Amino acid sequence: MRRFLVLFALLFVAATAEDNRLYRAAQAAFDEQLWDIAEGQFAELLQKSPNFEKADRATLLLGQARLLAGKPAAAVKTLQDAMAQWPDKLPDAYRFWLAEALARGNNFAEAEKHYAEVVDNYPRSSYRPPALYGLAYAQFKQGHFNDASSSLDRLFRLGFRAAPARGKPELQLESELLRGQIDLALGNFAKADAMFELLSKETAGTAIGYRVQLWRGESLARQQKPDEALQHFAVIVEAFAAKAGKPVEPQLAADAWYATGWAHWQRERFAEAGDAYAQALALADRSALKRDALLKLGEAYVRGGKVFEGVARLKEFLKANPADALADEVQLAIGDLLLGRGDFAPAQAEYALLIKNHPTSPLVPKATFNAGWCAWKTKQTAEATKFFQQAVELATDPAMVAEALFKLADAQFSLGQYAEAAGNYQRLIKGHGKLTQLDRVLFQLGESQRRSREPAAATATFTQLARQYPQSDFAPEAQFSVGQIAAAIGQESAAREALGAVISRYPTNAWAREAVLAIGESLYRERKYAEARQHFEELMASGVESNLAHRAFYHRGWCIAQQGQADQTLVEFGDFLKQNATSPLAPDIQFWIGDHHLRQKDYLKAQEQFQFLARDYPASKLADSAQYYAGRAAYLRQDYKTAIEAFQTLLKNFPDSNWRCDARFAQGDALTELGQFEDALVVFDNVTQQFGDCLLACDAAGRKGDCQFTLNKFDEAITSYRRALDCARDAAMRNQALYKLGQCYEKKGALDDAVQSYSRALFEAIAAPEPNEPPERFWAGKAARAAALVKEQQQQWREAITLYQKLGEVCPDLKQLAEDRIRKIRVEHVILF
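Since this is a predicted model, take the numbers as computed values, not measurements.

The rules behind each value
- Residues numbered from 1 in each chain as written.
- Predicted model: local features only at pLDDT ≥ 70, side-chain atom pairs only at ≥ 80, totals over all residues.
- Heavy atoms only, no water.
- Helix = DSSP H or I, 4+ residues; strand = E, 2+ residues; numbered from the N terminus.
- Rg over C-alpha atoms; globule rule 2.2 N^0.38 Å.
- Buried < 20%, exposed > 50% of the residue type's maximum accessible area, 1.4 Å probe, protein only.
- Contact = heavy atoms within 4.5 Å.
- Areas by Shrake-Rupley, 256 points an atom, 1.4 Å probe, with all protein chains shown as cover.
- Disulfide = S-S within 2.5 Å.
- Axes fitted to C-alpha atoms, helices over the stretch in contact; angles between N-to-C directions.
- Parallel < 35°, antiparallel > 145°, perpendicular 65-115°, else oblique.
- Left-handed = near helix turned anticlockwise from the far one by under 90°.
- Nonpolar A, V, L, I, M, F, W, Y, C, P; charged D, E, K, R; others polar.
- Phe/Tyr/Trp six-rings, centres within 6.5 Å; stacked < 30°, edge-to-face > 60°.
- Lys NZ or Arg CZ within 6 Å of the ring centre and 35° of its normal.
- Core = buried A, V, L, I, M, F, W, Y, C linked by side-chain atoms within 4.5 Å.
- pLDDT = per-residue confidence, 0-100.
- Salt bridge = Lys/Arg side-chain N within 4 Å of Asp/Glu carboxyl O.
- Polar contact = N/O pair within 3.5 Å; in protein donor to acceptor, adjacent residues only side chain to side chain.
- Expected span 1.5 Å × (residues − 1).

Looking now at the overall build of the protein. Within the protein one finds 43 helices and zero strands. Taking 833 residues into account, the globule formula puts the C-alpha radius of gyration at 28 Å, and the protein, at 45 Å, lies well above it. Dimensions along the principal axes, computed over C-alpha positions, put the protein at roughly 150 × 85 × 50 Å. Within the protein, the proportion of its 833 residues that are buried is 48%. A sequence separation of at least 24 residues applies to 48% of the contacts in the protein between residues at least 6 apart. In the form shown here, the protein has an accessible surface area of approximately 42,100 Å², with 51% of it arising from carbon and sulfur atoms.

Turning our eyes to something else, we now look at the state of the cysteines. Enumeration over the complete set of coordinates arrives at two disulfides. Put simply, Cys-661 and Cys-694 are joined by a disulfide, and their sulfur atoms are 2.1 Å apart. Judged by the sign of its S-S torsion, about -90 degrees, the bond between Cys-661 and Cys-694 is left-handed. Of this pair, Cys-661 sits in helix H35 (residues 660-673) while Cys-694 is found in the loop between helix H36 (677-690) and helix H37 (696-710), placing the two residues 33 residues apart along the sequence. If the cysteines joined by disulfides in the protein are listed in sequence order, their pairing comes out as 1-2, 3-4.

Helix packing for two helices is described by the angle between their axes and how far apart those axes are. Where helix H17 (residues 327-340) contacts helix H19 (residues 364-377), the two axes come as close as 11 Å, and the packing angle between them is 25 degrees. Classed by the angle they form, the pair H17 and H19 counts as roughly parallel. For the element pair H17 and H19, the recorded crossing hand is left-handed. Contacts between H17 and H19 pair Leu-332, Asp-336 and Leu-339 from the former with Lys-366, Ala-367, Asn-370, Trp-373 and Cys-374 from the latter. Per-class residue counts for the contact of H17 with H19 are five nonpolar, one polar and two charged.

A word on the environment of Asp-36. The residue Asp-36 is located in helix H2 (residues 35-48) in this model. Separated by 206 residues in the primary sequence, Asp-36 and Ala-242 place their C-alpha atoms 28 Å from one another. Each residue touching Asp-36, except ones within four places of it in the same chain, is listed here: Ala-69 and Lys-71.

The subject of this paragraph is the packing of aromatic side chains. In the structure shown here, the tally under the stated rule is 39 aromatic pairs. Counting every residue linked through ring pairs, the aromatic cluster contains Tyr-524, Tyr-529, Phe-553, Tyr-554, Trp-558, Phe-573, Phe-576 and Trp-592. Between the NZ or CZ atom of Lys-296 and the centre of the ring of Trp-265, over which it lies, the distance is 3.8 Å. If you follow Arg-632 out to its NZ or CZ, it ends over the ring of Tyr-635, 5.0 Å from the centre.

Glancing now at the nonpolar core. One broad trend across soluble globular proteins is that nonpolar side chains are buried collectively. Counting residues in hydrophobic clusters, the biggest one holds 52 residues, and the most contacted among them are Phe-42, Tyr-94 and Tyr-115. Of the residues forming this core, the biggest block, nine residues, is contributed by helix H5 (residues 91-104). In this structure Tyr-94 touches Asp-56, Arg-57, Thr-59, Leu-60, Leu-79, Ala-82, Met-83, Trp-86 and Lys-89, once residues within four positions along its chain are discounted. Residues Ala-586, Ala-630, Ala-643 and Val-687 belong to the second largest nonpolar core, which totals 48 residues.

Here we take up the confidence of the model for the protein. Confidence along the protein averages 89 in pLDDT terms, with 96% of residues attaining 70 or more. Of the regions scoring below 50 in pLDDT, residues 1-13 engages in zero contacts with residues more than four places distant in sequence or in other chains.

Okay, the pattern of salt bridges next. In total, this model carries 44 salt bridges according to the counting rule given. Salt-bridge contacts for Glu-110 lead to Lys-113; the nearest nitrogen and oxygen are separated by 3.4 Å. Taken together, the residues Glu-110 and Lys-113, both in helix H6 (residues 108-121) and three residues apart, mark about one turn of the helix. The exposure class assigned to Glu-110 is partly exposed, which follows from its relative accessible area of 32%. Given a relative accessible area of 42%, Lys-113 falls into the partly exposed group. Among the salt bridges present, the one from Arg-496 reaches Glu-526, with a minimum N-O distance of 2.9 Å. On the criterion of sequence distance, the pair formed by Arg-496 in helix H26 (residues 492-505) and Glu-526 in the loop between helix H27 (510-525) and helix H28 (529-541) is long-range, its members being 30 residues apart. Arg-496 gets classed as buried once you look at its relative accessible area, which sits at 17%. Look at the salt bridges and you will find they share partners, linking Arg-533, Glu-537, Arg-556 and Glu-572 into a network.

This next bit is on the environment of Glu-608. With respect to the element layout, Glu-608 can be found in helix H32 (residues 603-616). By relative accessible area, which is 37% here, Glu-608 ends up partly exposed. Separated by 25 residues in the primary sequence, Glu-608 and Ala-633 place their C-alpha atoms 9.0 Å from one another.

Within the element layout of this structure, Val-119 appears in helix H6. On the basis of relative accessible area, Val-119 is assigned to the buried category, the value being 1%. Separated by 23 residues in the primary sequence, Val-119 and Phe-96 place their C-alpha atoms 9.4 Å from one another. If we ignore the near neighbours within four places in the chain, the residues touching Val-119 are Arg-128, Ala-131, Leu-132 and Arg-154.

Attention shifts here to unusual backbone geometry. Not every positive phi belongs to a glycine, and Asn-106 is a case in point at roughly 65 degrees. Mapped onto the elements of the fold, Asn-106 is located in the loop between H5 and H6. We classify Asn-106 as exposed; its relative accessible area is 55%.

Once that is clear, we can look at the side chain of Gln-331. For Gln-331, the position within the fold is in helix H17. On the basis of relative accessibility, which here comes to 6%, the residue Gln-331 falls in the buried class. Apart from the residues lying within four places of it in its own chain, the contact partners of Gln-331 are Leu-318, Glu-350, Leu-353 and Leu-354.

What follows deals with the side chain of Thr-672. Assignment of secondary structure puts Thr-672 in helix H35. A distance of 2.5 Å separates the side chain of Thr-672 from the backbone oxygen of Asp-669, its partner in a polar contact.

This next bit is on H5. With 14 residues, H5 should cover 20 Å at 1.5 Å per step; its first-to-last C-alpha distance of 20 Å lies within 8% of that length. Pro-91, Asp-92, Ala-93, Tyr-94, Arg-95, Phe-96, Trp-97, Leu-98, Ala-99, Ala-101, Leu-102 and Ala-103 are the residues of H5 that are buried. Of the surrounding secondary structure, the elements contacted by the buried residues of H5 are helix H3 (55-68), helix H4 (72-85), H6 and helix H7 (128-141).

The subject of this paragraph is the packing of helix H41 (residues 778-793) against helix H42 (residues 797-810). At a minimum axis distance of 8 Å, the contact between H41 and H42 shows a crossing angle of 165 degrees. One element, H41, and the other, H42, form an angle in the roughly antiparallel class. The hand of the H41/H42 crossing is left-handed. For the pair H41 and H42, the contacting residues are Ala-780, Gly-781, Ala-784, Arg-785, Ala-787, Ala-788, Leu-789, Lys-791 and Glu-792 in the first and Trp-797, Glu-799, Ala-800, Leu-803, Tyr-804, Leu-807 and Val-810 in the second. Each residue belonging to the contact of H41 with H42 can be placed in one class, and the counts come to 11 nonpolar, one polar and four charged.

Laid out in structure tokens, this is it:
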């Protein structure tokens, strides 16, 4: 046992000696700044001997080596694991270097937290001064400039170690440089320039001195002095060209080249800017700078009028480096360049490539949103809706989520999906209440609710907007909409009150003048023509712009006509057209004139006026209606050929008109009046085939049957009347179809079938009247009388009497006739009971 213990002790000593040798070797590599070698040796040591007595220090150095080797994520994990394993060992050192690693990885918020722990919890730590600097730097990078300045003040009060013989310690110089950067960020150019000037003298020729040159140039560039800025950037790039890395590192040279490109950009020297960005791209080792340089390089080509070359350059990069870490960013840059110059369809294709080729990229949400924007711009609204919906689901940045949600709601609104749009506008308001465009969101929500036929909700939303954002550009229209909604639901008094608020709150706004007009319209609807007329005349006399004055004049004309002075309106409207033929309201006035003549049964003048409108204002929303009524006027004055031609003109010139079905049906009517039943039959058949959704399609089936009946095509007529019966909208149409079916059967000699058809019309009227319709007596009466006559023809006298009795019940006006027929049958045929 004693020999075993001695052997164990010897082995332990040997192991410890080996570990110490490996530790010293790793330390030496670290001291020589051979970070990769130091990392490998420390990692080997800790894997081999995790319980090594200096494992905590070795782990700290391993984390530092990984950080300095450009592996901040690995360094963070190493240091976090060490803090968990040795919570009481080297706590200040671990926290400081963890903060350094987080800062190097651009996680400044977490870095700030750990720097603050060192500063606040370890007052005697040697890391406290650099931690204060790191804290200020992290705050600066987050845009917390006042906090950063306060942290630097604490550092300066703490003081720095004795300066070496050659000048200030490096930490002090770095702190003073940061102070200048903060002043620059705050726009304190004089303070910043003074600090940079002082540092420039103290650090000339050193690495930090060249960084000072960069910031001196940045300050001048921000003060719109690009040529002076270029002189400072040139000092850096020339030093790098003379001897790379001594003391200007490649990354600093890349920053200087990028800044040089921006200075040229400010002067719109895009060729020189492109050359500078190309140099920055070649030297950059930070992905952010690479991406920015690449993007600006492409943009420089584009701004220089070389869009093709810019996009081609980026596409070449993708082709040569499809798996490059920046491939997704380059793809996004191509899409952004095309989007920026309005090439929406090609841009959408590029974004689609990013989504397809890099599905796990963090840029996919942005690409998806931009693809939606491209689809929106090219009026592919349904496609845009899909993209915006995906962007809402994918995005993690609250600002992007809000923007995508906003555009999703807008797209749904554009598609007429008002309920869905309202839901997303409400979601946007609840989840993103600090939006800068909340007033517009509220307005769109109100519009969506109004169009979803939710007047109470829309009124509440518009009222909220007007009260919460009284200075908003949308407030006057929102208040106006409150009045319009009230008017739409018949609350005219409330409407005028809301419209009056528009006038009192926004007297100089265009919506105030619209409100005056709308109040007049409201009074008109309540038949207060004198008051309405007064409003319109006041508006006309106020010197408003011509369009609004014309609208007021137009409504005033209606008031005059309703006051029994239609002839005055007619004269004034005629004079208006002579003087204002190009007014947007000219078609409306022309239509009124035509309609006036139509109501006066002056069909020739009506036809002329409607024809003038259709001819002179073919783009007007009333042009097709005017063409239709020109045909109706011709029909009513029995000029059937002209009517047919007018209706044909409508079908030819207005392919999207809602009057097409009516026009075609009217052609059939006119042809029947001319006795051209074969041609009319073709027209009515066309209505049933081409306009199946039109209400007149059912009437056309019946009229088709009429033509066939007239042409003695009774079997075909029966088919048409059956179709009319199947689609009949009311009792009158059903009973008419049943009566005409009976007529066809009579013509064929099928008297029993005729009676069945006639009787159905009669007994449906008696046994199953429509509860929501007035009694239908005309066709039911004709059918009852026809059924009774058939029974007389068949000498079925008792059945005939019964039918006449029912006729008297259904049609009181024919009761006397029915009783006379019953008496005659009883007398002539001795029917006693």
